[in-house]
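# Notes for the structure review
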Amino acid sequence: MSPARTPLDDLRREIDQIDDALHDLLMRRAAVVERIGAAKGAPGQAIYLRPAREASILRRLMARHTGTFPAQVVVRMWREMITALTRIQGPFAVAVHAPEDKRGFWDVARDHYGSFVPMTAVNTPAAALRAVSDGTATVAVVPYPAEDDNDPWWRFLVSADANRPRVVARLPFGGRGNARGENRDALAIAVAAHEPTGDDRTLLSIEIGGDLSRGRLKDMLEACGLPPVGFCSWHSGGGHSGGGHAGGGHGGGHHGGPSIHLVEIADFVDPADPRLTALVERSGDIPVRVNTVGGYAVPLPL
């Protein structure tokens with residue numbers, strides 16, 4: 001004689017039904033992704049990353065999320081799914097700046113790109129960037145620029161080439177989790193379009209061929225409607241000249257001669273944005289060249 005069915009048995013049966021439904025939807029999503037890949041071209045070709053689309057998906061889910069299930073876990077689950085399904089469309093690998101004494105960047109990268117994607121640890125940010133440039137990696141994960149970088153990796157992104165690697169995301173996007181090591185953010189670098197999401201930051205490289213203080217540059221940016229929220233500066237003959245938050249005073253960062261500034265703008269800025277032309281015109285006789293180095297969707301406030 002079969003034992004009587006209890007309310008707990010009914011609840012477990014309901015969970016099994018939900019699991020089957022979730023699995024069916026995952027398989028259905030994978031089938032749609034395969035169709036997308038077929039529509040794009042031959043299997044095995046380079047994938048087309050859409051970091052802005054990924055950020056928008058997660059923002060939409062977080063806006064509708066309710067209940068006791070942790071929001072940060074939802075983000076991790078979707079990040080695993082998004083990257084795994086992206087890899088279905090073509091080769092996908094990640095190179096991470098993760099020397100022996102700084103393994104935290106490895107954890108941050110794994111949290112974002114998941115357990116299915118091949119990852120390689122390299123000892124320098126430059127090595128991670130080279131992996132993207134030579135095609136052995138799709139994405140490089142490198143430290144967020146710091147004011148004391150004497151040989152900053154970001155200067156290797158300064159180019160007008162539309163096909164160059166650029167900043168595409170800031171990590172962690174959905175909370176730090178249990179990453180080891182230093183409490184420092186990272187940037188993801190890839191050959192991908194910088195697209196607007198409605199809440200974005202843009203990184204500009206500003207090459208100055210004369211004597212122009214960072215305070216005056218900040219004033220020029222604000223006058224052109226380009227609100228700066230961070231600076232890092234590098235001089236070809238003498239390393240960095242400080243950096244940090246843009247509100248650090250008008251007198252800092254003065255250094256004669258050619259310089260390159262990495263400026264974070266609190267807005268989406270397209271390479272053809274007329275504000276960039278206005279900035280160059282406002283510089284007068286001082287040679288100024290401006291390029292976008294990429295940008296990112298502002299991470300979720302988890």
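A brief structural summary.

Thresholds applied
Residues numbered from 1 in each chain as written. Predicted model: local features only at pLDDT ≥ 70, side-chain atom pairs only at ≥ 80, totals over all residues. Heavy atoms only, no water. Salt bridge = Lys/Arg side-chain N within 4 Å of Asp/Glu carboxyl O. Helix = DSSP H or I, 4+ residues; strand = E, 2+ residues; numbered from the N terminus. Buried < 20%, exposed > 50% of the residue type's maximum accessible area, 1.4 Å probe, protein only. 1 Å grid on protein atoms, 1.4 Å probe; cavity = no way out; pocket = protein on both sides within 12 Å on 5 of 7 lines; lining within 4 Å. Points joined across faces, edges and corners; volume = space filled by probe spheres on them. Nonpolar A, V, L, I, M, F, W, Y, C, P; charged D, E, K, R; others polar. Polar contact = N/O pair within 3.5 Å; in protein donor to acceptor, adjacent residues only side chain to side chain. Contact = heavy atoms within 4.5 Å. Pairing = 2+ DSSP bridges.

### What about the pattern of salt bridges?
Under the criterion given, the structure shown has 16 salt bridges. Aspartate 10 is the salt-bridge partner of arginine 13, the closest N and O atoms lying 3.1 Å from each other. Here aspartate 10 and arginine 13 lie together in helix H1 (residues 7-40), a separation of three residues that amounts to about one turn. By relative accessible area, which is 38% here, arginine 13 ends up partly exposed. Of the charged contacts, one joins glutamate 264 and arginine 170 as a salt bridge, the two residues approaching to 3.9 Å between their closest N and O atoms. In this pair, glutamate 264 is assigned in strand E9 (residues 259-265) and arginine 170 in strand E4 (residues 166-171), connecting sequence segments 94 residues apart. For glutamate 264, a relative accessible area of 8% translates into the label buried. A single network of salt bridges, built from pairs that share partners, joins Arg170, Arg176, Asp185 and Glu264.

### With respect to empty space enclosed by the protein
Scanning the entire structure with this criterion turns up one cavity of 30 Å³ or more. The space that makes up the largest cavity amounts to roughly 250 Å³. Broken down by secondary-structure element, the contributors of at least two residues to the lining of the largest cavity are helix H2 (51-64), helix H3 (71-88), helix H4 (104-113), E4 and strand E10 (288-297). Examining the composition of the lining of the largest cavity, we find that five residues originate from one element, H2, more than from any other. Broken down by class, the residue content of the lining of the largest cavity amounts to 16 nonpolar, five polar and four charged.

### Brief notes about the layout of surface pockets
Taken as a whole, the largest pocket spans an internal volume of roughly 1200 Å³. Taken together, the elements giving at least two residues each to the lining of the largest pocket come down to H1, H2 and H3. Of all the elements, H1 adds the most residues to the lining of the largest pocket, at nine residues. Looking at the lining of the largest pocket, its residues break down into 17 nonpolar, three polar and eight charged.

### Remarks on the side chain of threonine 197
Take threonine 197: it is sitting in the loop between strand E5 (186-190) and strand E6 (200-208). A polar contact of 3.4 Å, which involves the side chain of threonine 197, links it to the backbone oxygen of aspartate 199. Polar side-chain contacts of threonine 197 include one of 2.8 Å to the side chain of aspartate 200. In this structure threonine 197 touches Ala52, Ser56, Arg59 and Ala297, once residues within four positions along its chain are discounted.

### Notes on the pairing of strand E3 (residues 139-143)
Most of E3 sits out of view: five of its five residues are buried. Of the strand pairs in this sheet, strand E1 (residues 94-97) and E3 are connected by three bridges, and their pairing is parallel. The residue bridging alanine 95 from the neighbouring strand is alanine 140, located in E3. Relative to E5, E3 is paired through five bridges, and the arrangement is antiparallel. From the neighbouring strand, valine 142 faces E5, where its bridge partner is leucine 187.

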